[in-house]
Amino acid sequence: MKLAIVVQRYGADINGGAELHARYVAERLARHASVEVLTTCARDYVTWKNERPAGVERVNGIAVRRFPVAHERRPDDFGRRSVRVFDKTHSIADELGWLESEGPASPALVKYVERAAPEFDFVVLFSARYYHTWHLARRIPDKAVIVPTAERDPAIALSIFGPAFRGVRALMYNSAEERAMINAASGNASVPGVVVGVGSDVPDRTDPSRVRRKFRLRRPFAIYIGRIDENKGCNELFAHFQRYAAAFPRGLDLALVGSAIIDVPKHPRIHHLGFLDDRDKFDVLAAADLLIMPSYFESLSMVALEAWALGKPVLANGRCDVLKGQCIRSNAGLYYESYEEFVEALYSLESNGPLNARLGRNGREFFRQHYAWPVIERKYLEMFERLSSSPSPAASGLSPLPGWFARHRREIPPAREILAKIPTGPALSDAIPPEGGSYKRSA
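Residues numbered from 1 in each chain as written. Predicted model: local features only at pLDDT ≥ 70, side-chain atom pairs only at ≥ 80, totals over all residues. Heavy atoms only, no water.

## Some points on the packing of aromatic side chains
Logical step 1: Across all of its chains, the model carries 15 aromatic pairs by this definition.
Logical step 2: Where Phe122 meets Phe384, the ring centres are 5.3 Å apart and the plane angle is 15°; that geometry is what we call stacked. Linking Phe122 in strand E5 (residues 122-126) with Phe384 in helix H15 (residues 373-388), this pair joins segments that are 262 residues apart in sequence.
Logical step 3: By relative accessible area, which is 3% here, Phe122 ends up buried.
Logical step 4: Among the residues examined, Phe384 registers a relative accessible area of 1% and is labelled buried.
Logical step 5: With a centroid separation of 5.5 Å and 45° between ring planes, the pair formed by Phe241 and Tyr244 is classed as tilted. Taken together, the residues Phe241 and Tyr244, both in helix H9 (residues 234-247) and three residues apart, mark about one turn of the helix.
Logical step 6: Classification of Phe241 as buried rests on a relative accessible area of 1%.
Logical step 7: For Tyr244, a relative accessible area of 1% puts it in the buried group. (Phe/Tyr/Trp six-rings, centres within 6.5 Å; stacked < 30°, edge-to-face > 60°. Helix = DSSP H or I, 4+ residues; strand = E, 2+ residues; numbered from the N terminus. Buried < 20%, exposed > 50% of the residue type's maximum accessible area, 1.4 Å probe, protein only.)

This is how it looks when you write it as structure tokens:
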């Protein structure tokens with residue numbers, strides 16, 4: 001079997017998000033099939049500036065073919081177009097302009113994949129909202145398998161994406177919540193799809209004492225790992241934690257791992273460790289009492305899965321459907337929607353408390369049953385086998401775009417209004433239970 005994996009940017013130095021997800025999947029599937037990665041020359045996800053040379057290189061043994069981006073993203077233009085399609089009545093042309101402005105727009109990449117598609121059994125497209133995924137879903141629907149990595153934001157409600165979700169061969173979802181959201185937004189429930197997510201290369205052994213000495217972490221602490229950004233809920237985390245620290249002088253400290261987009265408060269119990277390599281990251285996670293995930297929007301939290309793999313409970317923002325659903329399904333985490341809930345949950349999850357070890361054990365088992373690499377690989381291979389054994393259906397959802405006048409007629413409701421009508425909450429009834437059992441709600 002020969003597979004193409006198409007993603008907006010790719011490299012061993014990209015350590016988060018859909019791009020890391022794509023690299024992990026590519027490297028694991030390369031054990032079972034011939035895999036080629038097709039991507040752009042961009043390294044930075046804000047500008048999409050061409051920083052890597054076009055052509056073929058090998059990354060961790062896999063052939064990676066890069067194509068130039070036609071233009072960098074202009075934040076002011078993208079901002080104006082986002083306001084138009086998210087908050088105002090707009091047209092299909094407005095949505096297509098938004099897609100082009102968001103980038104990374106690489107017609108050369110799309111053209112190459114379209115021409116090379118007959119050489120591949122399937123073309124796996126990361127992520128749903130980007131230029132290459134939309135164009136290739138329309139051009140090679142009989143080969144296309146989308147990994148949406150979609151969060152609950154207005155982009156998912158744009159009208160241009162519905163036909164793509166309905167017309168491709170299959171979708172590989174990150175969570176039951178993501179699947180329910182996309183089904184509701186696009187009416188694609190009849191398209192083959194499976195909740196698969198992504199695994200992680202969690203080390204068999206960690207050395208918590210080493211990183212405690214290295215970073216002078218002398219007190220028990222909770223940890224946050226990820227981009228330190230307002231969009232990740234970090235401002236609210238800082239506000240909650242500083243109130244907690246004032247009220248509980250003998251409580252936990254807070255350690256932060258990741259690049260800071262916003263200012264980190266100068267507080268004696270907040271420790272910003274910066275960006276860490278995998279060894280330090282896993283060792284400091286193993287040293288923590290728990291992981292805090294304050295994000296409002298996630299399609300799947302890889303770091304939450306890594307915490308569970310190491311037997312650490314998770315405290316999540318309950319306003320994120322995916323994180324809340326994962327905590328309930330795993331029975332390995334608590335969630336909060338207010339400061340009072342944050343404090344009570346943080347106190348309950350301290351390592352000397354009654355829940356820490358129990359929820360940690362549940363998390364380790366949840367990871368083993370659903371997110372260990374053999375499970376992830378099997379789900380991908382079973383889907384490819386299923387698609388190979390059945391004829392490619394007519395791409396009925398991919399009707400031609402309307403003519404010029406119809407494309408420019410501003411009659412599509414604001415995407416934010418459409419998103420508001422999509423049901424919220426954890427998709428418990430849509431979840432796949434463990435073999436021989438059923439999910440239990442967290443106490």
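## Comments concerning helix H3 (residues 92-102)
Residues lying three or four places apart along an α-helix face the same way, a consequence of the helix completing one turn every 3.6 residues.
Logical step 1: The buried fraction of H3 is high, at nine of 11 residues.
Logical step 2: Taken residue by residue, H3 has Ile92, Ala93, Asp94, Glu95, Gly97, Trp98, Leu99, Ser101 and Glu102 as its buried positions.
Logical step 3: Lining the buried residues of H3 we find helix H2 (75-87), helix H5 (131-139), helix H6 (161-167) and helix H16 (404-407).
Logical step 4: Where H3 begins, one side-chain oxygen reaches toward the backbone nitrogen of Ala93, 3.3 Å away; that side chain belongs to Ser91.
Logical step 5: Positive backbone phi, approximately 75°, marks Gly103, located one or two places after H3. (Contact = heavy atoms within 4.5 Å. Polar contact = N/O pair within 3.5 Å; in protein donor to acceptor, adjacent residues only side chain to side chain.)

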